[in-house]
Structure formats: C-alpha cells, structure tokens
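# What the coordinates show
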Amino acid sequence: MIAPQHLRMEREGGVVTLTLDRPERKNPLTFDSYAELVGIFRAAAAEDAIRAFVVTGAGGNFCSGGDVHEIIGPLLERDTKGLMRFTQMTGDLVKAMRACPQPIIAAVDGVAAGAGAIIAMASDIRLATPRAKVAFLFNRVGLAGCDMGACAILPRLIGQGRASELLFTGRAMRAEEGERWGFFNRLSDRVLEDAQALAAEIAAGPGFAHGMTKRMLAMEWAMGVEQAIEAEAVAQALCMTTADFRRAYEAFAAKRTPVFQGD
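Thresholds applied
Residues numbered from 1 in each chain as written. Predicted model: local features only at pLDDT ≥ 70, side-chain atom pairs only at ≥ 80, totals over all residues. Heavy atoms only, no water. Salt bridge = Lys/Arg side-chain N within 4 Å of Asp/Glu carboxyl O. Helix = DSSP H or I, 4+ residues; strand = E, 2+ residues; numbered from the N terminus. Buried < 20%, exposed > 50% of the residue type's maximum accessible area, 1.4 Å probe, protein only. Pairing = 2+ DSSP bridges. Contact = heavy atoms within 4.5 Å. Axes fitted to C-alpha atoms, helices over the stretch in contact; angles between N-to-C directions. Parallel < 35°, antiparallel > 145°, perpendicular 65-115°, else oblique. Left-handed = near helix turned anticlockwise from the far one by under 90°. Nonpolar A, V, L, I, M, F, W, Y, C, P; charged D, E, K, R; others polar. Polar contact = N/O pair within 3.5 Å; in protein donor to acceptor, adjacent residues only side chain to side chain.

### As for the pattern of salt bridges
Close approach of charged atoms allows side chains with opposite charge to pair. Taken as a whole and judged by the stated rule, the model has 11 salt bridges. Of the charged contacts, one joins Asp124 and Lys214 as a salt bridge, the two residues approaching to 3.0 Å between their closest N and O atoms. Placement of the pair is Asp124 in the loop between helix 4 (115-122) and strand 6 (125-128) and Lys214 in helix 9 (residues 207-219), with a sequence separation of 90 residues. When the shortest N-O distance is used, the salt bridge between Asp194 and Arg190 registers 3.5 Å. Owing to a relative accessible area of 23%, Asp194 belongs among the partly exposed residues under this scheme. A single salt-bridge network, built from bridges that share partners, covers Arg8, Glu10 and Asp21.

In structure tokens form, the structure reads like this:
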C-alpha cells in the first residue's frame, strides 16, 4: 500500500480512512490526488488485512471536484489526445473503486460537487450530515453529465428520472432529498464516527465473502435473473470452501460469536 502525499490515510484495525485534506478550498482533487486514490484502491486487492475503507473530506466539506487552477485551467491547453488521457484517468478512479474488493463508505459533509459527487456515488455506502449537498454540475462548465460513469451508476441509485434531472440541471441535491431518494443510506450529525463504526462492523465480518458480495452486486447489473441465480450459486459455493465458513459453523455449534479472518 502506497503512502500518499496528497491526502491523509489513517488505519485502525481493518479500517482505512482516506481524507481529502485541502479544507481551505473545500478539498479539490489534483492530478496527484487522483493518482494516489487510484493507486490505493488498486493495491487494496492484495491487502487482505484491510477490510473496509472510509472516504471523507476535511474541514466540513467532502470534495469540491477538480481543482480549477491545477486541473481545469491546464486542460484548456491540451489537445484531444491529452484530454482523453485525463478523462480516462478520472474514469480509472471509479473503476478502481468498483474493482476494489473491500466495501467503501463515503462520509459526506458539506459540498460534494463534480468529481466529489462521483466519488460519493462510486462508494458502496453513503452517509451524510444534514448540511450535505451533492451536485453533478458538469453542465455548469459546458460539459455533459456523462462523466466518470454517472449515466450508468446514478440512475441505478436514484432512478432514471431523478438522475436525469440532476445531470441536466446540475442543481444540488440536498441531504434530506438524497436520503429520501436512496442516494444516502442515512443522515447523521456524527457522520465520520458513524461511518467508521459501520466500517468496523463490516470489517469484523467475512472478508472473502464481502468481496464476493461486492463483485456480484456489480456483475449482476448486466445479468438476467436466471443467469444471476446461477452465478450466485457458483459464488456461494466458493465461499463455502473458506475457513470463515467453517469458523462460523464451529462458533454456532459452540454457542459463541464467530471471529472471521477473511480466508
């Protein structure tokens, strides 16, 4: 696992908390922080001791998107090939988050805009404070709403019509609205603490099986019901070969709580 220089990474037990840490500018992303996030989530596949991630922002905001001066400005000087390299790199972050076997929980406070909204969207679970606002504001800068997988993932979270409204208007989705629509799992005034507690609860579970659940949740988007049932039969049979499955049985037989180790 890399030691990031452009964001904070803290670990407690099996939970890693990643904090975007430029609070004076509402934690915008830079080329460097993009690269570090991609590297962390890609490396996580080989890090069995890491069981869950929490992603958050410092200073009362989540992430204001790409840094206007360090990313947006320089993009105006690029040719089409250079722009494609950038958009593919930003997409790599969502790909890495979805391919990362560990569940990712977003703890959202304040502003989550542009790429910040995408990071929240690409997480597996989203908690927010009542003051959180999420804006897919790409159209506000003359771009399409189809950025970093938004047109594929957002409708699956909140529905086609609601996603269309947000992507066409760029308006902010308020916290209570996001909870009602299913974007946020719940609201909390102690969002980081609650996200870390939820991550710890997940981390105490069967790691291999959690990774399989995340994989199947993604794969079954493109499957019919019969195909999904067959795929889940294979997935569950693989989980039954793990030591965690045996641990759970032995703990049940002994009337004690199982201690999972992720293997």
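### Examining the sheet that holds strand 3 (residues 52-57)
With respect to topology, 6 strands assemble into an open sheet ordered 1-2-3-4-6-9, the strand pairing being mixed. Lying at the two open borders of the sheet, with one neighbouring strand each, are strand 1 (8-12) and strand 9 (186-187). Across 6 bridges, strand 2 (residues 15-20) lies against strand 3 in parallel orientation. Note that in strand 3 the partner of Val16 across the bridge is Phe53. Strand contacts of helix 8 (residues 191-203): strand 2, strand 3, strand 4 (104-108), strand 6 and strand 9, with the helix running at about 170 degrees to strand 4, the strand carrying the most contacts.

### Remarks on the packing of helix 5 (residues 150-158) against helix 6 (residues 160-169)
Closest axis-to-axis distance for the helix 5/helix 6 pair is 7 Å, and the angle between their directions is 130 degrees. Relative to helix 6, helix 5 is oriented oblique. Relative to helix 6, the crossing made by helix 5 is right-handed. Across from Ala150, Cys151, Leu154, Pro155 and Ile158 in helix 5, the residues of helix 6 making contact are Gln160, Arg162, Ala163, Leu166 and Leu167. Its residues placed into classes, the contact of helix 5 with helix 6 shows 8 nonpolar, 1 polar and 1 charged.

### Quick look at the side chain of Ser188
Tracing the backbone through its elements, the reader meets Ser188 in the loop between strand 9 and helix 8. A residue is classified by how much of its surface remains accessible, and Ser188, at 9% relative accessible area, is buried. At 2.6 Å, the side chain of Ser188 forms a polar contact with the side chain of Asp194.

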